[in-house]
Amino acid sequence: GGVKERLAEYEKIESVAELQALLDETEGSREGLESERKAVQDKLSKIWDEANVEMTALCKSPEFTEVEDGLKKYESFGGPTEARWNSLNLHREEMVDSVKIHLIELMKSTDALEIASAMEKYEPYNDAILGEQEALRDRQKTLYNQAVSEMQTFAARSDVSYADVQGMIDKYAEYPKE
């Protein structure tokens, strides 16, 4: 159909890019389409306004997955949403930096379970923290190996009391059995 028909069906269009393309195509048209173009522009403005409201809320969200999803959803909206999108992206970067600092601090930990808990907690950050995760997995493996070594040395001793055995069991009760 012609431009006038497409303009008349603008309400069916949900894509920012398609609405913008329709406006661009009809720019300077001599066919008396001002009211139709205004309706498309109003719809586009409403979509941008809603995007800005949602991104403003996401800038306060502690949920990494929500922030990531918002960035993906609004990445191509452009126009008056760019500044808010950049703010949301900065929020994401700050979240990642904070998690990285925590994971680097965990490298000093002697508690393999604390490390396992943090790895689980920060799983949604996977792609953003690959290096830190790998280093922590190595640290965790070292701590598990130290625990096995300590238990083997302990088991070989002859001067072990029941209380000592119970203490060792309690110490490593939450560790994986492997």
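Our structure's up above, just so we're on the same page.
Described below are features of the structure shown in this document.

What counts, and where the lines are drawn
Residues numbered from 1 in each chain as written. Predicted model: local features only at pLDDT ≥ 70, side-chain atom pairs only at ≥ 80, totals over all residues. Heavy atoms only, no water. Helix = DSSP H or I, 4+ residues; strand = E, 2+ residues; numbered from the N terminus. Rg over C-alpha atoms; globule rule 2.2 N^0.38 Å. Buried < 20%, exposed > 50% of the residue type's maximum accessible area, 1.4 Å probe, protein only. Contact = heavy atoms within 4.5 Å. Axes fitted to C-alpha atoms, helices over the stretch in contact; angles between N-to-C directions. Parallel < 35°, antiparallel > 145°, perpendicular 65-115°, else oblique. Left-handed = near helix turned anticlockwise from the far one by under 90°. Nonpolar A, V, L, I, M, F, W, Y, C, P; charged D, E, K, R; others polar. Expected span 1.5 Å × (residues − 1). Core = buried A, V, L, I, M, F, W, Y, C linked by side-chain atoms within 4.5 Å. Salt bridge = Lys/Arg side-chain N within 4 Å of Asp/Glu carboxyl O.

## Observations regarding the overall build of the chain
In terms of helices and strands, the chain carries 8 helices and 0 strands. Traced from its N-terminal end to its C-terminal end, the chain shows the element sequence α-α-α-α-α-α-α-α. For 178 residues, the compact-globule estimate of 2.2 N^0.38 gives 16 Å, and the C-alpha radius of gyration of the chain, at 28 Å, exceeds that figure by more than 25%. Reported as C-alpha extents along the three principal axes, the dimensions of the chain are approximately 100 × 25 × 25 Å. In the chain, buried positions account for 31% of the 178 residues. In the chain, once contacts between residues fewer than 6 apart in sequence are set aside, the share between residues at least 24 apart is 63%.

## Observations concerning the environment of valine 40
Secondary-structure assignment places valine 40 in helix 3 (residues 34–58). Once you skip the residues sitting within four places of it in the chain, valine 40 turns out to touch Leu7, Tyr10, Leu19, Leu22 and Leu23.

## So, the packing of helix 4 (residues 64–74) against helix 5 (residues 82–106)
Axis separation between helix 4 and helix 5 bottoms out at 10 Å; the angle between their running directions is 150°. In terms of axis orientation, helix 4 runs roughly antiparallel to helix 5. Of the two elements, helix 4 crosses helix 5, and the hand of that crossing is left-handed. Touching Phe64, Val67, Glu68, Gly70, Leu71 and Tyr74 of helix 4 are Trp85, Leu88, Asn89, His91, Arg92, Met95 and Val96, all from helix 5. Along the lines of polarity and charge, the residues of the contact of helix 4 with helix 5 split into 8 nonpolar, 3 polar and 2 charged.

## Overview of the environment of leucine 130
With respect to the element layout, leucine 130 can be found in helix 7 (residues 130–156). Residues leucine 130 and serine 158, spaced 28 residues apart in sequence, show a C-alpha to C-alpha distance of 45 Å.

## Notes on helix 3
Along its 25 residues, helix 3 runs 36 Å from first to last C-alpha, staying within 8% of the 36 Å computed at 1.5 Å per residue. Val40, Lys43, Leu44, Ile47, Trp48, Ala51, Asn52, Met55 and Leu58 are the residues of helix 3 that are buried. Buried residues in helix 3 make contact with helix 1 (3–8), helix 2 (16–26), helix 4 and helix 5.

## Details of the nonpolar core
One finds Val40, Phe77, Leu103, Tyr122, Tyr125 and Ile129 to be the most contacted residues of the largest nonpolar core, which totals 42 residues. Elements with a contribution of two residues or more to this core: helix 2, helix 3, helix 4, helix 5, helix 6 (112–121), helix 7 and helix 8 (162–172). Setting aside chain neighbours within four positions, we find leucine 103 in contact with Ala118, Tyr122, Ile129, Glu132 and Leu136.

## Some points on the pattern of salt bridges
With the rule as written, the count across this model stands at 8 salt bridges. A salt bridge links arginine 37 to glutamate 27; the nearest nitrogen and oxygen atoms lie 3.4 Å apart. With arginine 37 in helix 3 and glutamate 27 in the loop between helix 2 and helix 3, this pair connects stretches of sequence that are 10 residues apart. Taking the shortest distance from any N to any O, the salt bridge between arginine 92 and glutamate 68 comes out at 2.4 Å. Pair noted here: arginine 92 is in helix 5 and glutamate 68 is in helix 4, with a separation of 24 residues, a long-range link.

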